[in-house]
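Topology and contacts: notes
So the chains spell out like this:
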Amino acid sequence: MQAASRDGKDDQDQEKNLQEVKRRFRAYESNKQDEIDESREARRYYHGKQWSDHELKTLRDRRQPAITSNHICRKVDFIVGVEQRLRRDPKAYPRNPQDEQSAFVATSALRYVCDNQRWHAKSATANHDGIVSGFGVLFIGIESGQQGGDVVIKEIDCSRFFYDPRSRRCDFSDAKYMGIHIWMDLDEAISTWPDQEE
């Protein structure tokens, strides 16, 4: 009897948490709609879709070709390339002279994680997203592995990231919440979380 009531309480807590996450996402979506639209337009511009449907129709009516010289793509790629060329490997510095050995060990650990997680490629992608869409997102966390916790760096599509709309800092350090929203088919969701099918 005790276990049944505990399961009911867990279901209520899960439902309450789900409703809170939905509320937060809707707050982001409604308050940041102009920013979301601007980000979509910027991505279209980067990929060469720089004419509106109305402009294309006008050009077709005049029998003129829609000629696009995409300087945006070239400039963004140039800036990303400069950042990659100027990038340096991480280095830990000692606070005191007797901490030289500790700094060396910390530097080795940082470089191992960066190499293991393909930091250079992932940070370039996030930098590219930041230049085109306004911000880039990488998740840095710990996942349990064979020998304890492993540091992981995951790329997050910036169009799938949401945050507290009252956040004002560029690193979101003042955000009360952040999250990822993913649209997927019901079958895919059930196979990913089979214990949550109901």
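Before any of the text, the structure's been laid out above.
With that settled, the discussion passes to the pattern of salt bridges. What the rule picks out here adds up to eight salt bridges. The shortest N-O distance in the salt bridge between arginine 87 and glutamate 83 comes to 2.6 Å. For arginine 87, a relative accessible area of 17% corresponds to the buried category. Since its relative accessible area comes to 28%, glutamate 83 is described here as partly exposed. For arginine 166, the salt bridge identified is with aspartate 164, shortest N-O distance 3.6 Å. Note on aspartate 164: relative accessible area 2%, which makes it buried. Each of Glu20, Arg23 and Arg24 takes part in salt bridges that share partners, so that together they form one network.

This part takes up helix 2 (residues 33-46). Within an α-helix, residues lying three or four positions from one another point in the same direction, as the helix has 3.6 residues per turn. With 14 residues, helix 2 ought to run about 20 Å at 1.5 Å a step, and its terminal C-alpha atoms sit 20 Å apart, in line with that. Three or more residues of helix 2 are buried, namely Ile36, Ser39 and Tyr46. Buried residues of helix 2, seen end-on, are gathered within an arc of 85 degrees and therefore sit on one face of the element. Opposite the buried face of helix 2, by more than 90 degrees, sit the exposed residues Asp34 and Glu38. Count one or two residues on from helix 2 and you reach glycine 48, which has phi positive near 95 degrees.

This part covers the pairing of strand 2 (residues 148-156). Here strand 1 (residues 137-145) pairs with strand 2 via nine bridges, running antiparallel. Considered in strand 2, the bridge of glutamate 143 is made with aspartate 150. Counting the residues that bridge the hairpin from strand 1 to strand 2 gives two residues.

This part is about the nonpolar core. Tyr28, Phe135, Val137, Phe161, Phe162, Tyr163 and Phe172 are the most contacted members of the largest nonpolar core, which totals 14 residues. Of all elements in the fold, only helix 1 (2-31) and strand 3 (161-163) reach the threshold of two or more residues within this core. Setting aside its immediate chain neighbours within four residues, phenylalanine 172 contacts Phe135, Phe161, Tyr163, Ser167 and Met178.

Calculation rules
- Each chain has its residues counted from 1, following the order in which its sequence is written.
- At least 70 in pLDDT is required for a residue's local features to be given in this predicted model, at least 80 for side-chain atom pairs to be given and counted, and no such filter applies to totals for whole chains, interfaces and linings, which use all residues.
- Side-chain figures throughout are based on the complete set of non-hydrogen atoms in the structure, without hydrogens or water.
- Whenever Lys or Arg places a side-chain nitrogen within 4 Å of a carboxyl oxygen from Asp or Glu, that contact is recorded as a salt bridge.
- Exposure categories follow from relative accessible area, calculated using a 1.4 Å probe and restricted to protein chains: below 20% of the type maximum is buried, above 50% is exposed, and the middle band is partly exposed.
- Here a helix means four or more residues in a row that DSSP labels H or I, a strand means two or more in a row labelled E, and each is numbered from the N terminus.
- An expected span of 1.5 Å times one less than the residue number is assigned to each helix.
- Directions drawn from the helix axis to the C-beta atoms are what define this arc.
- Here, a strand pair is defined by DSSP locating no fewer than two bridges between the strands.
- In these notes, a set of buried Ala, Val, Leu, Ile, Met, Phe, Trp, Tyr and Cys residues joined through side-chain atoms within 4.5 Å is what counts as a nonpolar core.
- What makes two residues a contact is simply this: any of their non-hydrogen atoms within 4.5 Å.

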